[in-house]
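Structural overview
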Amino acid sequence: MDEDATSPSSQDRYARGLEILRAVGGRHDPAVVESLADLAPDVARYTVEFAYGDVYARPGLTWRERQLVTVAALTALGNAAAQLHFHIRGALEVGATPREITETIAHVSVYAGFPAALNGLSAARTVFSEAGTEVDVAADPGPAGDESRYERGLRLLSEIDGDAGHRVVESLRDVAPDLGRYLVEFAFGDIYAGDGLDLRTRELVTVAACTALGTAAPQLRLHIGGCLSVGGTREEVLEVITQMAVYAGFPAALNALAEAREAFASH
Amino acid sequence: MDEDATSPSSQDRYARGLEILRAVGGRHDPAVVESLADLAPDVARYTVEFAYGDVYARPGLTWRERQLVTVAALTALGNAAAQLHFHIRGALEVGATPREITETIAHVSVYAGFPAALNGLSAARTVFSEAGTEVDVAADPGPAGDESRYERGLRLLSEIDGDAGHRVVESLRDVAPDLGRYLVEFAFGDIYAGDGLDLRTRELVTVAACTALGTAAPQLRLHIGGCLSVGGTREEVLEVITQMAVYAGFPAALNALAEAREAFASH
Amino acid sequence: MDEDATSPSSQDRYARGLEILRAVGGRHDPAVVESLADLAPDVARYTVEFAYGDVYARPGLTWRERQLVTVAALTALGNAAAQLHFHIRGALEVGATPREITETIAHVSVYAGFPAALNGLSAARTVFSEAGTEVDVAADPGPAGDESRYERGLRLLSEIDGDAGHRVVESLRDVAPDLGRYLVEFAFGDIYAGDGLDLRTRELVTVAACTALGTAAPQLRLHIGGCLSVGGTREEVLEVITQMAVYAGFPAALNALAEAREAFASH
């Protein structure tokens, strides 16, 4: 796309990015600028101008949503402890509750495994302790009334992934039926049923984690559709994917876009 | 698959999981439960109920095998130091020898590179030191008699991957013949020939590492067949893949199942 | 490929590898040998014989290039801090400048995201501090004259990726035009335009990072072609990919070779 004739100057982008980074990072002098001044000042400038001035400044997602999907991506990647710490703190700064943060991290257990989620929760504990924040740990009481975990899981699977989700479970019957059962019971019956995070946000988190991982293309395609089914919009899905160019690289975002095209076409 | 009418209650799953986690973790009060009590008690509960009560309790693999494949996966992922430490210790607790553990980690060098293996060995050293364990370091004396590394490698490649393995090496002749030679000499002639781990266990470890990585689908498919060729069963392959849903996430396990279907069909 | 009748003995490979490892590591007694002596001496031996004696000893790339592409790969992987530290130091030892190292790491931000690059720069700072090295931080003054970031980016995109690169940007117009703009402005207009590293080296670094990641096959194919367009040779591309077998595993290298074949055929 041609550059917009009214595109902002570098000064504008830097000023806009600095304002956002100050709000998210809670500091007047962002650490990234100071720490890179005598090593790679251009990278600090790109962080402010591009990551914050271009991407974070975009409409389409709230800052709270941007922080939660970044926390999800960094939890899934599992190799960016300093940034995960920063963004969990940033999530608090922009209005996410501790409960939303721990639920976001726990949600990633489905897509990247328990170690990733446990290490993310470890980072959250450190941040909450430093910030003097208490977590509202209203433990999930489990399925209501007569509904079993499996029934609750099937209900949520239907609501989110519809027929495509059922086809995944059905396809497992002949080779690994128990894995299909765990998918329904644990992934949907336990995690997706958690009431600390609504389904739309859960699916934005799922899109972020699967985009960042780069190894979950079929699941990403399914859950982009799922996001649209539970109140998310195409714009919101594309915003999450675009943001992942910052946190996981352009290949991750571009390859996720290919899945989004397919998901949009078939939704 | 419909939930079994006799499926265990949450209490049963928790009790079963707690018993196993106590045995593997070597502690009466598992650290994961204590550490998450005031942060995300549901995740602690899911760890006990699902990861241990559902998955670890399954027949089809011994606890020793479950620990070794988990060590392999976490070594390959390279981003879960705390869990890798825990599971190396757990491997000792359930009867794996230090030699089997270091061989498992070394084996992963073929699939995830030397840094992953060296960092895994670093974690093993720490665990062994804490546990006061000595390692039997019977260094590999190299190929016997007249057999060169290449010949030994070709022999093992034939035994494990048969014609499909040879096709991989042949396909490299026109573009990167030396990489093909390194594959035969190092991967098979050095690593696979190591006598601290039998071929069947090596292939279960390979399936675990490649499933967790999510970036080695062709190699995973080949080595699922290889596992069947050296005494592994379809059930054992599926058990490893199912367990990877816990350590690397459901997408990793589901995508690996797709490869398993193909491998089973052509074996 | 059959083993060369004149292939070096293990003693030769070890001696050759030790010589190189001493030069890169800057120590007479390599740390990896000492640290593994009583734990897994075979792995130490393979590191010396295979990683250094076979792969590092190859012609086709200079040691400086081998160190830079290794730094790129380890930065992208983000889960090998000790090895990244070692190889940044090794890059200095074999003649790379601090500026080339920070530019290499910054370049990886395009392919693996900002967290990976920021953590790589953090490692570089530690190494430079320990080595008493100053960095020449000549900050990029930005596009010259009337050329905007977008115009500069398009110019570089054309020079490197030609029509294929333009097709990527065009393909984004209908679904995520701003992501296409960021790709042109930031990835090419900012990062690729940095004058601390020439385009040929940048593309070798890109091939290394994308090979190691294993999740960027379309981008790897494109940039293998890009490497050839800016003065790189097929041999150099294949050397980088072969070296990645050591740092990211054989699947990463083999799967990258599949992309290289396609890229070579269509270049």
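Residues numbered from 1 in each chain as written. Chains lettered and ligands numbered in written order. Predicted model: local features only at pLDDT ≥ 70, side-chain atom pairs only at ≥ 80, totals over all residues. Heavy atoms only, no water.

As named in an unreviewed UniProt entry, chain A is 4-carboxymuconolactone decarboxylase, taken from Actinomycetospora corticicola.

1. Some thoughts on the overall build of chain A
Just so we agree on the cut-off: Going along the chain from the N terminus, every DSSP run of H or I of four or more residues is numbered as a helix, and every run of E of two or more is numbered as a strand. The size measure is the radius of gyration over C-alpha atoms, and the globule rule it meets is 2.2 Å times the number of residues to the 0.38 power. For every residue, the accessible area (1.4 Å probe, protein chains only) is compared with the maximum for its type, and the residue is labelled buried under 20%, exposed over 50%, or partly exposed between those bounds. The criterion used for residue contact is that any of the two residues' heavy atoms lie within 4.5 Å. Methods summary: accessible areas were calculated by the Shrake-Rupley approach with a probe of 1.4 Å, and residue burial reflects only the protein chains presented. In this tally, Lys and Arg are treated as positive and Asp and Glu as negative; His is ignored, and so are the chain termini. Charge positions are represented by NZ for Lys, CZ for Arg, CG for Asp and CD for Glu.
When you go through chain A residue by residue, the secondary structure sums to 13 helices and zero strands. Seen in sequence order, chain A has helices and strands lined up from the N terminus as α-α-α-α-α-α-α-α-α-α-α-α-α. Against the 2.2 N^0.38 benchmark of 18 Å for 267 residues, chain A shows a C-alpha radius of gyration of 19 Å, consistent with a compact globule. With the principal axes as the frame, chain A shows a C-alpha extent of 60 × 45 × 30 Å. Looking at chain A as a whole, 62% of its 267 residues are labelled buried. Taking as baseline every contact in chain A between residues at least 6 positions apart, the subset at least 24 positions apart corresponds to 74%. Entry remark: accessible area of chain A is about 9,200 Å², with carbon and sulfur atoms responsible for 51%. Charge centroids of chain A, computed over 22 positive and 38 negative side chains, lie 1 Å from each other.

2. Comments concerning the interface of chain B and chain C
Condition: Once two parts are brought into contact, the accessible area they lose, counted with a 1.4 Å probe and summed over both, makes up the buried area. For this analysis, a salt bridge means a side-chain nitrogen from Lys or Arg found within 4 Å of a carboxyl oxygen belonging to Asp or Glu.
At the interface, 47 residues of chain B touch 45 residues of chain C. Carbon and sulfur atoms supply 62% of the area buried between chain B and chain C, which totals about 3,900 Å² over both sides. For chain B, the biggest contributors to the area lost against chain C are Phe114, Leu179 and Tyr182 of chain B; these three give 16% of the whole. Across the contact surface, chain B and chain C share two salt bridges.

3. Remarks on the domain arrangement of chain A
A common way to express how large an interface is: the accessible area buried when the components associate. What counts here: Domain delimitation in this document rests on an assignment produced automatically or drawn from a domain database.
Under the domain assignment, chain A is made up of domain 1 (1-57), domain 2 (58-138 + 195-266) and domain 3 (149-188). Just the C-alpha atoms count here: the centres of domain 1 of chain A and domain 3 of chain A sit 43 Å apart.

4. Some remarks on the packing of helix α1 (residues 10-25) of chain C against helix α3 (residues 41-56) of chain C
For any two helices packed against each other, the geometry comes down to the angle between their axes and how far apart the axes lie. Residue and element names in this part refer to chain C. Basically, it comes down to this: Helix axes are fitted only over the stretch in contact, all axes being lines through C-alpha atoms; the angle between N-to-C directions runs from 0 to 180 degrees. The labels follow the angle: roughly parallel below 35 degrees, roughly antiparallel above 145, roughly perpendicular from 65 to 115, and oblique for the rest. By the convention adopted, Pro, Cys, Tyr, Trp, Phe, Met, Ile, Leu, Val and Ala count as nonpolar, Lys, Arg, Asp and Glu as charged, and the other residues, Gly among them, as polar.
Direction vectors running N to C along α1 and α3 enclose 85 degrees, while the axes themselves pass 7 Å from each other. Taken together, α1 and α3 sit at an angle that is classed as roughly perpendicular. Taken together, the residues of α3 that come into contact with α1 (itself represented by Ser10, Arg13, Tyr14, Arg16, Gly17, Leu18, Ile20, Leu21 and Val24) are Arg45, Val48, Glu49, Phe50, Tyr52, Gly53, Asp54 and Tyr56. Here the contact of α1 with α3 is built from residues that sort into nine nonpolar, three polar and five charged.

5. Observations concerning the UniProt feature "domain: Carboxymuconolactone decarboxylase-like" (unreviewed entry) in chain A
For the record, the criterion: UniProt positions are given in the numbering used here, feature names are shortened, and annotations may be inferred rather than shown by experiment.
Mapped onto the present numbering, the UniProt feature "domain: Carboxymuconolactone decarboxylase-like" (unreviewed entry) falls at residues 41-125 and 177-262 of chain A. The distance from the first to the last C-alpha atom of residues 177-262 of chain A is 28 Å, and the span holds 83% helix and 0% strand.

6. Comments concerning the packing of helix α10 (residues 199-213) of chain A against helix α11 (residues 217-229) of chain A
Residue and element names in this part refer to chain A. Just so we agree on the cut-off: Note on convention: near helix rotated counterclockwise from far helix by under a right angle means a left-handed crossing. Clockwise means right-handed.
In the contact formed by α10 and α11, the axes pass within 9 Å of each other and the chain directions differ by 155 degrees. Between α10 and α11, the crossing angle belongs to the class labelled roughly antiparallel. Taken as a pair, α10 and α11 cross one another with a handedness that is left-handed. Taking contact as the criterion, the partners of Arg200, Glu203, Leu204, Thr206, Val207, Cys210 and Thr211 in α10 are, on α11, Leu220, His223, Ile224, Gly226 and Cys227. Of the residues belonging to the contact of α10 with α11, the class tally is six nonpolar, four polar and two charged.

7. With respect to the relation of the copies chain A and chain C
Put simply, the two copies of the chain differ by a rotation about an axis and a shift along that axis. Operational definition: Only residues with pLDDT of at least 70 in both copies contribute their C-alpha atoms to the least-squares superposition of the copies.
When chain A is fitted to chain C, the best match, at an RMSD of 0.0 Å, comes from turning it 120 degrees and sliding it 0.0 Å along the axis. Such a combination of turn and shift is consistent with a three-fold rotation axis. Scanning chain A for the C-alpha nearest the rotation axis identifies asparagine 79 of chain A, at a separation of 3.2 Å.

8. Observations concerning the interface of chain A and chain C
What counts is decided by this rule: N or O atoms within 3.5 Å of each other form a polar contact, as long as, within protein, one can give a hydrogen and the other can take it, and as long as residues adjacent in sequence are counted only when both atoms are side-chain atoms.
Each partner contributes residues to the interface: chain A has 45 residues there, and chain C has 46 residues. Across the chain A/chain C interface, buried area totals approximately 3,900 Å², and carbon plus sulfur atoms make up 62% of it. At the boundary of chain A and chain C, one finds two salt bridges. For the pair chain A and chain C, the interface holds eleven residue pairs in polar contact (both at pLDDT 80 or more). Elements represented by at least two residues in the side of chain A that touches chain C include exactly α1 (10-25), α2 (31-36), α3 (41-56), α5 (81-93), α12 (234-247) and α13 (250-266) of chain A. With nine residues, α3 of chain A is the single largest residue contributor to the side of chain A that touches chain C. Taken together, the residues of the side of chain A that touches chain C sort by class into 26 nonpolar, ten polar and nine charged.

9. Observations regarding the nonpolar core
What tends to happen in soluble globular proteins is that the nonpolar side chains get buried as a cluster. Operational definition: Put simply, buried Ala, Val, Leu, Ile, Met, Phe, Trp, Tyr and Cys residues joined by side-chain atoms within 4.5 Å make one nonpolar core.
Core analysis: the largest hydrophobic core is formed by 282 residues, its most contacted members being Ile88 and Phe250 of chain A, Ile88 and Phe250 of chain B together with Ile88 and Phe250 of chain C. Setting aside residues up to four positions removed in sequence, phenylalanine 250 of chain A forms contacts with Phe50 and Ala245 of chain A together with Val110, Leu179, Tyr182, Leu183 and Phe186 of chain C.

10. Let's talk about the side chain of threonine 104 of chain A
Residues and elements named next belong to chain A. Within the fold, threonine 104 resides in helix α6 (residues 98-112). The buried category is assigned to threonine 104, whose relative accessible area is 0%. Among all residues touching threonine 104, those that are not within four sequence positions of it are Leu68, Val71, Ala72, Leu197 and Val205.

11. Regarding the relation of the copies chain B and chain C
Its rotation angle being 120 degrees, the transformation that places chain B on chain C also includes 0.0 Å of axial translation and leaves an RMSD of 0.0 Å. A low fraction, 4%, of the interface residues of chain B reappear at the interface in chain C, so the copies pair through non-equivalent surfaces.

12. As for the pattern of salt bridges
Overall, the coordinates contain 73 salt bridges over all chains when judged by the stated rule. With its nearest N and O atoms 3.3 Å apart, the salt bridge here joins arginine 27 of chain A to glutamate 34 of chain A. Accessibility expressed as a relative area gives 39% for arginine 27 of chain A, which makes it partly exposed. Here glutamate 34 of chain A falls in the partly exposed class, since its relative accessible area comes to 49%. Of the charged contacts in the structure, one is a salt bridge between glutamate 49 of chain C and arginine 45 of chain C, with a shortest N-O distance of 3.4 Å. One end of the pair, glutamate 49 of chain C, and the other, arginine 45 of chain C, are both in helix α3, four residues apart, so they sit about a helical turn from each other. Glutamate 49 of chain C sits in the buried class, given a relative accessible area of 2%. Of the residues examined, arginine 45 of chain C reaches a relative accessible area of 21% and is grouped as partly exposed. Residues joined by salt bridges that share partners form a network here, namely Arg58, Arg66 and Glu239 of chain A together with Arg149, Asp178, Arg181, Glu185 and Asp190 of chain C.

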